[in-house]
Amino acid sequence: MPVIIDTEENRIVARLKGEIDHHNAKELRSDIDVAIDRNRPEIVVLDFSGVTFMDSSGIGLVMGRYKTVSAYGGQVFVENTSAQIKKVMRLAGLDRLAEIK
Amino acid sequence: MNVKNEVKIIFPSNSCNEAFARVAVTSVISALDPTVSEIAEIKTAVSEAVTNCIVHGYRNTAGKIELYVRLTEDNTVYIRIKDTGTGIPDIKKAMEPLYTSVPEEERAGLGFAVMENFMDRIKVTSKEGKGTTVKMYRKICSGKNT
């Protein structure tokens, strides 16, 4: 499974795994969106510690979740990104939208 | 410049081949002893170019993608990625960061921005109805450990 989702009170943590590209972004997106729709969490954590590669498809993934979650007043946190992933995210200016750790 | 190695691969425009193209390029360029970060950046640029062929060139229909990689004695990687799909009507607009012709697919519109940032030089040629070719260059600075 490319994403494991832990649901806590007011918070979900989506632990992404493997490579994020156009080929598998769609499935990741819908898995996370189901959890967001169901729980409406105040905080959504996207944990990238298991991600070995990401191209700009991952940007769409983060931006889309940011749009959904901020629309109802929630927050998105991006965690455990590698140097390569940080570089792609900075290029997109994602560090201005979501907090990247 | 003398050619150290060159490889040409033609594969169908299935999205699972995005990963294949990254692995193929990584394997060819490893002969130049690139750093982890050089590999990651070149892989990302290749992934963007191949995704463009699939999403835009062929609009998710069946087609062929040609990947050509050449290594020269000056430690430069030259990569050419070619499709014979729809072509780009306005290259300048297509290369603008955040512009995408398919916003409904959650594409960020950053493919070319990534290629330009991660490679030393890129060149895009396209003809409507004939297809698009992306040429990218990156010099490998061996011995650096980052």
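Residues numbered from 1 in each chain as written. Chains lettered and ligands numbered in written order. Predicted model: local features only at pLDDT ≥ 70, side-chain atom pairs only at ≥ 80, totals over all residues. Heavy atoms only, no water.

**A closer look at the overall build of chain B**
Here's step 1: When helices and strands are tallied, chain B shows four helices and five strands.
Here's step 2: Helices and strands in chain B line up, N terminus first, as β-α-α-β-β-α-α-β-β.
Here's step 3: Whereas a compact globule of 146 residues would reach a radius of gyration of roughly 15 Å, chain B reaches 15 Å, a difference of no more than 12%.
Here's step 4: Summarising its shape, the C-alpha atoms of chain B cover approximately 45 × 30 × 25 Å along the three principal directions.
Here's step 5: The buried share of chain B, taken over its 146 residues, is 51%.
Here's step 6: Here the contacts in chain B between residues at least 6 apart in sequence split such that 69% fall between residues at least 24 apart.
Here's step 7: Element-wise, carbon and sulfur atoms account for 50% of the exposed surface of chain B, whose accessible area totals about 7,100 Å².
Here's step 8: One finds the centroid of the 20 positive side-chain charges in chain B at a distance of 6 Å from the centroid of its 18 negative side-chain charges. (Helix = DSSP H or I, 4+ residues; strand = E, 2+ residues; numbered from the N terminus. Rg over C-alpha atoms; globule rule 2.2 N^0.38 Å. Buried < 20%, exposed > 50% of the residue type's maximum accessible area, 1.4 Å probe, protein only. Contact = heavy atoms within 4.5 Å. Areas by Shrake-Rupley, 256 points an atom, 1.4 Å probe, with all protein chains shown as cover. Lys, Arg positive; Asp, Glu negative; His and termini not counted. Charge placed at Lys NZ, Arg CZ, Asp CG, Glu CD.)

**Some points on the interface of chain A and chain B**
Frequently, the measure chosen for interface size is the accessible area removed from exposure when the parts meet.
Here's step 1: Counting residues at the interface gives 21 residues for chain A, matched by 26 residues for chain B.
Here's step 2: Around 1,800 Å² of area is buried between chain A and chain B when both sides are counted, 54% of it from carbon and sulfur atoms.
Here's step 3: Taken together, chain A and chain B are joined by three salt bridges.
Here's step 4: Its salt-bridge partner being E41(B), residue K87(A) comes within 2.2 Å of it at the nearest N-O pair.
Here's step 5: Counting the contacts that link chain A with chain B gives 10 residue pairs in polar contact (both at pLDDT 80 or more).
Here's step 6: Among the secondary structure elements, those contributing two or more residues to the side of chain A that touches chain B are helix 1 (22-39), strand 3 (43-54), helix 2 (57-71) and helix 3 (83-91) of chain A.
Here's step 7: Ranked by residue count, the leading element in the side of chain A that touches chain B is helix 2 of chain A, at seven residues.
Here's step 8: Its residues assigned to classes, the side of chain A that touches chain B comprises eight nonpolar, seven polar and six charged. (Buried area = accessible area lost by both parts, 1.4 Å probe. Salt bridge = Lys/Arg side-chain N within 4 Å of Asp/Glu carboxyl O. Polar contact = N/O pair within 3.5 Å; in protein donor to acceptor, adjacent residues only side chain to side chain. Nonpolar A, V, L, I, M, F, W, Y, C, P; charged D, E, K, R; others polar.)

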